[in-house]
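These are the residues of each chain, in order.
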Amino acid sequence: MSFGYQDRVLKVDLTDGSTALEELSSDFKRNYVGGRGFNMKRLYERVPPEIDPLSADNVFFVSVGPLTGTSFPGAARVNFSAKSPQTGILGDSNTGGFFGPELKFAGYDQLVIEGQAPRPVYLYIKDDRVELRPAEDLLEKDALERQSHLMEELDDGRLQVAAIGPAANNGVKFSGIFCNQVRAAARTGMGLVMASKNLQAIAVRGTKGVRVKRPKEFGELIEGLDKEIREHPEYEDRLMMGTTKLISQLNEAGCLATRHFQTGRFEDADRVSGEYLAENYKKKNKGCFSCTIPCSRFLEIESGKYEGLKTEGPEFEGLAGFSSRVGVNDVKATLKGVDLCNRYGMDVISTSECISFSMELYERGILTKEDVDGLELSWGNEGAILELAEKIGRREGFGDLLADGVRSAAERIGGEAQRYAMHVKGLEVFQADPRGIKAYALGFAVASRGGDHLRSEPSFEFKEDPEEGQERFGVPESAFRLEYKGKGKVVNFHEKRSAFADSLEVCKNTISNMEILSYAEGAKLLNALTGMDFSAAELERSMERIVNLERAYIVREGVRRADDTLPRRFLEEPLPEECGPSAGSVVELAPMLDEYYEEHGWDKETGIPKAEKLRSLGLENVLADLKSRGILD
Amino acid sequence: MYDLKVTVDEVQGFCDLPMEEGDHFWVKGGRIITPPGQGVCLWALQSMMPFFPAKQRVIEEENDWIPDTKRLICPDPNGGVVFKIERLDPQTGEPLEEKGGKDPPPRILVDPDKCSGCRACETVCSLAHGDSFGAGSSRIRVEKDEPAGVDRPLVCRQCGDAPCVKVCPTGALGRDPETGAVTVAEEKCVQCGKCVQACPFEGIFLPSADEAPLVCDLCGGEPRCVKRCPTEALKFGNAGSIGES
């Protein structure tokens, strides 16, 4: 009998429609814990550099973690992984909501989906019943309607659906997977991987439940965590605004991505802030599964141009992406922009980068009106912005050029354009200016999935407590966002914390930002749940193993130190005068990278993990593989 | 026929008239009488009016709910002025001690407008009642309509005269003498599902065709779901207090 885990992996071959079950081995659980860890292990083994991400040979993995579906606060998440068609390297994205728990209740820890269906299908899983069903009628609908449609078709109000949208079917590289209407796993183009396999959606319903080895102890531990969350200093703000609180905070700090990172202060921030949204549009809180700090919000526009728009969200990324980043100060247009991305099924970060990039090129005369289908791409022109978003979703006209992502668009436009493409390794960067947050800057220079903040989420640098910096990282400056010293250590710490959150499949707001659940508490909790005997040290080591495995994966794809870099603006152009405390700042990347590699036991010159590091983590297979490919000797 | 005394028992919110605690008036026959110089809130009055004749009548029958109902709240959600209605002794003119007038036991009160839809309530319920997670063993369930932003916790309302108990053909359903919660004697249950059909609130569930129904047992008087609810969409108490819909 299984506890915590369901001990089952479902394998689906879309080419011939066959399915098979595999039991989870206890080594797999011990060494990779769950979720992202499970996916990365299989991704490394199954999808080497020879495989084209859009071919039938790419393998698509869906994993939940040991805590998914339990009462752990925010035990809601699920990871979708494959080789990324957007970046060509590691593809991985996760989301909250209710899909993950339902998959767990259906009796699975992981799905391994391979091949390519001969015609559009969706995968229907109800407990032990697994079917591929025709999905032609979904193609006409948007990503949100597809979910509702399947709930109606299968007549099940508790059905959970992960669906792609028209953008994926049209071949947009940054198309995502959408659950619970707007909860998006949208980074690195996992939606496009599904589309390439002709898999339009996964619909799941489970009635099996998750068994607990020592229910009383587990329940008591959760009560303690609930209390810790409720008493946390960030509790009230997070409950009111969720991540949208960052608009005001980053604007104040002078590093809110504004007009495509030309400055860090948006003069109209108070008209698009989390506070403003909460006051004027919020109907009520919304939460992911089992969350005791439900930070999402249901909003409604009751009058004006976009009257009748009802939506959950947005998060900070969508909110800033369609306001400060593109110069829009009417939050209703911002909400409409995010809604368009959701309905087409596209990543808001990548979409807003592609649009704001075009706007800067237009401002600089690198693109003319003729180049952009006659759109007047001036800052804040909401009509043109929304139209361009739709053009991207449909791959139409100038939108077609942007739909391959900003790296490819800049290459095709050529010349100066490449200087303004804000991406790392082909993944567009988020809505805070890295010049004002140095650990984040380092974090996305090195992130295994490209320009991404969530591989580390190094929020320690906001502490502003030199003693704590000294105590925890041996560097007082590490607790200050504008300093670069100690950031290699901070990012190393937070990379493991993020891997911890993603392997347990719980929320980073609590695990990373609020630092809930030490490894020791995590071990205790997992042991009460599963009856296994994890230790704190072993858990932390497993996280290090996952980080190293991911590094090895992208190294095998050709990534080296030279690729761990940032767009030139962040390295060379100081933030302008108006940015208050962040004014004059640039990213001192080289010394941070040195410290970072050293901290990891990776070679400083190349960024390749050293053989002894891989060996010490039990990654002998990886070592042998890198050796056989001549990457290590 | 009784005469009535109506007194402001409690002001839970803010009343700008103001009606204050202790303010009162009488209903004598067909007339409303206020003390000299005192008034009564028109809106509170109009909402209570239909109730006065019912309270005045004398009914001799079992299960008469009229004596139980003696606190009414004004219709202004911000006001929350609670009026106490007392029957007067025809001989002395003093308020009567009414038989059967004790408050009903507290139950789980639900405010869907506050519910975030997180289903944290389901997780603690299923763990406490089934040593596992999954709605299969939870006695509270959140019904959701995501596009409309609707989240509706479904849970037993512990009705005074519960249709589920009345309809049960085998006497499997009863009431807990301490908490008043509906109880299920599994050994008597024949899984006919009549209780589920009878419940107007979808508060009792059949987990599968061959299992006894699941219904909230109030955790013996300290419901875990209420304790865990992060938005106060769930409360434990009696209807009539602020926040209940």
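First, a word on what this report is: a plain description of the structure on this page. Note that this is a predicted model, so its numbers are computed, not measured. (Residues numbered from 1 in each chain as written. Chains lettered and ligands numbered in written order. Predicted model: local features only at pLDDT ≥ 70, side-chain atom pairs only at ≥ 80, totals over all residues. Heavy atoms only, no water.)

Glancing now at the overall build of chain A. If you tally the helices and strands in chain A, you get 26 helices and 18 strands. Whereas a compact globule of 633 residues would reach a radius of gyration of roughly 26 Å, chain A reaches 23 Å, a difference of no more than 12%. For chain A, the proportion of its 633 residues judged to be buried stands at 68%. With the model as given, the accessible surface of chain A reaches about 20000 Å², and the carbon-plus-sulfur share is 45%. (Helix = DSSP H or I, 4+ residues; strand = E, 2+ residues; numbered from the N terminus. Rg over C-alpha atoms; globule rule 2.2 N^0.38 Å. Buried < 20%, exposed > 50% of the residue type's maximum accessible area, 1.4 Å probe, protein only. Areas by Shrake-Rupley, 256 points an atom, 1.4 Å probe, with all protein chains shown as cover.)

Let us look at the sheet that holds strand β2 (residues 18-23) of chain A. Residues and elements named next belong to chain A. Reading across the sheet, the six strands line up as β2-β1-β6-β3-β4-β5 and stay open at both edges, with mixed pairing between neighbours. Unpaired on one side and paired on the other, β2 and β5 (90-95) mark the two borders of the sheet. Each adjacent strand pair in this sheet contributes to an overall mean axis angle of 15°, direction not counted. Across six bridges, strand β4 (residues 78-83) lies against β5 in antiparallel orientation. Within β5, the residue paired with Asn 79 across the bridge is Asn 94. (Pairing = 2+ DSSP bridges. Axes fitted to C-alpha atoms, helices over the stretch in contact; angles between N-to-C directions.)

Residues and elements named next belong to chain A. For the pair helix α19 (residues 487-504) and helix α21 (residues 519-530), the least separation of the axes is 12 Å and the interaxial angle reads 15°. Relative to α21, the element α19 is oriented roughly parallel. For the crossing formed where α19 meets α21, the hand is left-handed. Mapping the contact onto sequence places Lys 496, Arg 497, Phe 500 and Leu 504 in α19 and Tyr 519, Gly 522 and Leu 526 in α21. A breakdown of the residues in the contact of α19 with α21 according to their chemical character gives four nonpolar, one polar and two charged. (Parallel < 35°, antiparallel > 145°, perpendicular 65-115°, else oblique. Left-handed = near helix turned anticlockwise from the far one by under 90°. Contact = heavy atoms within 4.5 Å. Nonpolar A, V, L, I, M, F, W, Y, C, P; charged D, E, K, R; others polar.)

The next thing to look at is the pattern of salt bridges. All names here are of chain A. Using the criterion set out here, one finds 82 salt bridges over all chains in the structure. Salt-bridge contacts for Asp 533 lead to Arg 30; the nearest nitrogen and oxygen are separated by 3.0 Å. One end of the pair, Asp 533, is in the loop between α21 and α22 (536-556); the other, Arg 30, is in helix α1 (residues 26-32), and 503 residues separate them in sequence. Note that Arg 297 is salt-bridged to Glu 315, the shortest N-O span being 3.9 Å. Residue Arg 297 is found in strand β15 (residues 296-300), and its partner Glu 315 is found in the loop between β16 (310-312) and α11 (316-321); the two are separated by 18 residues along the sequence. Take Glu 315: its relative accessible area is 31%, and that puts it in the partly exposed class. Among the charged side chains, a network of salt bridges with common partners joins Glu 360, Arg 364, Arg 419, Arg 568, Arg 569, Glu 572 and Glu 573. (Salt bridge = Lys/Arg side-chain N within 4 Å of Asp/Glu carboxyl O.)

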